[in-house]
Amino acid sequence: MKNERTCGFWDATFINTGWAIATWCFLTGALTASLVDFKTAIFCTVFGNMLGVMIMLIAEISVTVKYGIDTYPAMVSFLGRNGMKFMLIFFVLLNLGWVAVLSLMFSRAVQNIYEAISGNVSPPAMFTAVAIIAVLITWLLVYKGVRAIAWMNRIVVPCLAVLMIVMFYFIMTGYGADAVFSSKALAPYDNHIVNIILCIELNVGAGLSWYASLGSLTRTTKTSRGAMWANVIGVNFMADVACLLGAAAAYVIGGDDPTTWMIPLGGLVLGGLGLIFVMIGNITSNAIVMYATCLGLKQFKFFAGISWLKTTALFVLPVLILLFFPDFVYGNYQILLNGSAAFFASLAAVQFVDFIMMRKGYLDLRSVYNNKESSAFRYWGGVNWGGFISIIVGGVVYCLLLNPLTWEYSGALLVFKSVSIPAFLVAGILYLIWATAVMKPSGKGSIEEYKRYFAAVKGNQ
Amino acid sequence: MEDRIYGNIDNVRAELKGNTEFDSDIEEQLIERIAEIEANDGVVPPMLKPDWIAIIVMTAISVIGIIITLGLF
């Protein structure tokens, strides 16, 4: 509610930026560098990421800010309560992986600092041990809640911003602007256009990837405008800067992992300091992902009935197990990055059609939380199969054009020149047809309840 | 949904009591909140027209930018 919204514009901006700037940005930048040269990378990063963020904003932000709900209750209107839970399970598994990846990267940074200072190779057990410490620190932050995360970001984010400026300065002076701007792609495909398309898609996917956790942040923001611009500044503009820094470093220094190039670039003191801030950035990003996911888990009756401490502990436990398989986790982070992109575009499309086009910005909160047959969102066994299948089909379209796991692409990619947009359009059109031809006539979902509601609200004014 | 009185807490309670997955005290909080949100059409005012125009402009810029990128390089 209004008095519970603790984040003004600046806090929201710091949180969004702290969420965005973590090792994953630098990795995305390095992947970008593998496909295209730096000048092309600027265009692909700026415009690709912007498109992804805009799609996400249009679909999600209006409902989560307006009603003060997070991402998952907002999905009930187009997925049904049980359909939302299936999707939530998918997001939970995804986010378990992300928290493990960022924690291992935290550990890798510690290892590199240790090795740079001591000159010795760090003991193998240190990798998992330090990652466990990272998860426990994250857990403490999440247990304390959004205010603690906001406070941490007030300190961390300005430091990260300065760090990025300093690192860019070192690259430009140490290696020369010419070296960066004349750099070539590191490991491109043979087809030049395919490289550009994939690079754009990588960044569209990066822009969309915040979808699962966005609602948990925007619901705490005091104004809709503040939520929107904080998001644009944080996960769009600032993420672009971090990605391009990662790309520039990949071109001139080599390597996709910032923990390997920061010390060679900045020296032991500045590079080490930079690594520390990136490590802290990983913690703050992890905290937001963990917070949003645990909040989502409260949609399940079991988790709704237990304390926040126990809920977060149950999320942390499988993450800790994953840390004992670091090679498996670290070596497959691209699956997390690309696999989620396959479905976020179609999810956003269905939400946009449902909330904006069909329901005209009205969400029936009573039906969202009504778990019985009397709920308008009960649909068929708790699932709106049309919404669910539209998202799946959109995801399949994505996968047919581009395999998100292997990055093998079909010839059709050169025709459509995009992967996310066809997925978005197919899912959106399918759901529009379903809502018009099935939901409206059957009364399932009470698509036109908005008319009664707005008439009532207008009558009360 | 014909018997709904939006913003009326008793009406919300009649529809939701015992029908959510929450304990009774949390359920009652939820009922109060939903009634208030219905009465005010949301917790906070929605984004203003200039904000929506900015989003649409940025979307257009990104699409045009992508088309230019594909053509330019």
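So, how was this worked out
Here the residue numbers are simple positions, counted from 1 along each chain's written sequence. Chain letters and ligand numbers both follow the written order, the letters beginning at A and the numbers at 1. Where local features are concerned, this predicted model is filtered to residues with pLDDT of at least 70; where side-chain atom pairs are given and counted, the filter is 80 or more; whole-chain, interface and lining totals use all residues. Water and hydrogen atoms play no part in the side-chain values, which are based on all heavy atoms of the structure. By convention a nonpolar core is built from buried Ala, Val, Leu, Ile, Met, Phe, Trp, Tyr and Cys residues, the set being connected through side-chain atoms within 4.5 Å. The buried label applies to any residue whose accessible area, calculated with a 1.4 Å probe on protein chains only, is under 20% of its type's maximum; exposed applies above 50%, and partly exposed to all values in between. As used throughout, domain bounds are those supplied by an automatic or database domain assignment. We define a salt bridge as a side-chain nitrogen of Lys or Arg found within 4 Å of a carboxyl oxygen belonging to Asp or Glu. Inter-axis angles, ranging from 0 to 180 degrees, are taken between N-to-C directions of lines fitted to C-alpha atoms, where helices are fitted over the stretch in contact. Put simply, DSSP marks the helices as runs of H or I at least four residues long and the strands as runs of E at least two long, and each gets a number from the N terminus on. Should the near helix be turned anticlockwise from the far one by less than a right angle, the crossing is left-handed, and should it be turned clockwise, the crossing is right-handed. In this description, contact between two residues means that some pair of their heavy atoms is separated by no more than 4.5 Å. Note on terms: buried area is the combined drop in 1.4 Å-probe accessible area of two parts once they are placed together, counting the loss on both. In the analysis that follows, any N or O atom pair within 3.5 Å is treated as a polar contact, provided that within protein one partner can donate a hydrogen and the other can accept it, and provided that, for residues neighboring in sequence, both atoms belong to side chains. The quantity known as pLDDT measures the predictor's confidence residue by residue, on a range of 0 to 100. What sets the label is the angle itself: under 35 degrees gives roughly parallel, over 145 gives roughly antiparallel, 65 to 115 gives roughly perpendicular, and the rest give oblique. Put simply, Ala, Val, Leu, Ile, Met, Phe, Trp, Tyr, Cys and Pro go in the nonpolar bin, Asp, Glu, Lys and Arg in the charged bin, and everything else, Gly too, in the polar bin.

1. What to know about the nonpolar core
Here comes step 1: Counting 193 residues, the largest nonpolar core has Met75 and Phe91 of chain A as the members making the most contacts within it.
Here comes step 2: When we break this core down by domain, the ones giving at least three residues each are domain 1 (1–42) and domain 2 (46–73) of chain B.

2. Overview of the pattern of salt bridges
All names here are of chain A.
Here comes step 1: Scanning the model with the defined rule gives 14 salt bridges over all chains in all.
Here comes step 2: When the shortest N-O distance is used, the salt bridge between Asp354 and Arg359 registers 3.0 Å.
Here comes step 3: Judged by its relative accessible area of 2%, Arg359 falls in the buried class.
Here comes step 4: A salt bridge links Arg378 to Glu373; its shortest N-O distance comes to 3.2 Å.

3. A short note on the packing of helix α3 (residues 38–67) of chain A against helix α3 (residues 49–72) of chain B
Here comes step 1: Where α3 of chain A contacts α3 of chain B, the two axes come as close as 8 Å, and the packing angle between them is 145°. The way α3 of chain A lies across α3 of chain B gives a crossing that is left-handed. Two secondary-structure elements touch here, α3 of chain A through Thr40, Phe43, Cys44, Phe47, Gly48, Met50, Leu51, Met54, Leu57, Ile58 and Ser62 of chain A and α3 of chain B through Trp52, Ile55, Met58, Thr59, Ile61, Ser62, Val63, Gly65, Ile66, Thr69 and Leu72 of chain B.

4. Describing the interface of chain A and chain B
Here comes step 1: On the side of chain B, 45 residues touch chain A, which itself brings 58 residues to the contact.
Here comes step 2: Carbon and sulfur atoms make up 67% of the surface buried where chain A meets chain B, a total of about 4700 Å² over both sides.
Here comes step 3: At the junction of chain A and chain B, the tally comes to five salt bridges.
Here comes step 4: Here Arg366 of chain A makes a salt bridge to Glu38 of chain B, at a shortest N to O gap of 2.8 Å.

5. Quick notes on the environment of Glu449 of chain A
Residues and elements named next belong to chain A.
Here comes step 1: Within the secondary structure layout, Glu449 lies in helix α21 (residues 449–460).
Here comes step 2: We classify Glu449 as buried; its relative accessible area is 3%.
Here comes step 3: Residues Glu449 and Ala376 lie 73 residues apart in sequence; the distance between their C-alpha atoms is 9.6 Å.

6. Details of unusual backbone geometry
Residues and elements named next belong to chain A.
Here comes step 1: Although it is not a glycine, Tyr379 sits at a positive phi angle of roughly 50°.
Here comes step 2: Tracing the backbone through its elements, the reader meets Tyr379 in the loop between α17 (365–369) and α18 (385–401).
Here comes step 3: For Tyr379, a relative accessible area of 4% corresponds to the buried category.
Here comes step 4: Residues other than glycine seldom take positive phi values, yet Ser446 does so here, at roughly 40°.
Here comes step 5: Relative to the helices and strands, Ser446 is located in the loop between α20 (420–442) and α21.

7. Digging into the side chain of Ser390 of chain A
All names here are of chain A.
Here comes step 1: For Ser390, the position within the fold is in helix α18.
Here comes step 2: For Ser390, the side chain forms a polar contact with the main-chain oxygen of Gly386, separated by 2.6 Å.
Here comes step 3: Excluding residues within four positions of it along the chain, Ser390 makes contact with Ser346, Val350, Ala427, Leu430 and Tyr431.

8. Considerations on the confidence of the model for chain B
Low-pLDDT stretches of the model should not have their predicted coordinates read in fine detail.
Residues and elements named next belong to chain B.
Here comes step 1: Confidence in the prediction of chain B, expressed as mean pLDDT, is 89, and 96% of residues score 70 or more.
Here comes step 2: Mean pLDDT across the elements of chain B bottoms out in helix α2 (residues 24–40) (91) and peaks in helix α1 (residues 9–16) (94).
Here comes step 3: Across the whole predicted complex the pTM is 0.89, and at the interface the ipTM reaches 0.91.

9. Considerations on the environment of Leu297 of chain A
All names here are of chain A.
Here comes step 1: Along the chain, Leu297 turns up in helix α12 (residues 258–297).
Here comes step 2: Between the C-alpha atom of Leu297 and that of Leu96, which follows or precedes it by 201 residues, the distance is 13 Å.
Here comes step 3: Look past the residues within four positions of Leu297 in its chain and what remains in contact with it is Leu88, Val92, Phe303 and Thr311.

10. What to know about the packing of helix α4 (residues 71–79) of chain A against helix α16 (residues 333–358) of chain A
Residue and element names in this part refer to chain A.
Here comes step 1: Two numbers describe how α4 lies on α16: the axes approach to 10 Å, and their chain directions differ by 75°. For the element pair α4 / α16, the angle class is roughly perpendicular. Contacts between α4 and α16 pair Ala74, Met75, Ser77 and Phe78 from the former with Leu347, Val350, Gln351 and Asp354 from the latter.
Here comes step 2: Residues of the contact of α4 with α16, tallied by class, amount to five nonpolar, two polar and one charged.

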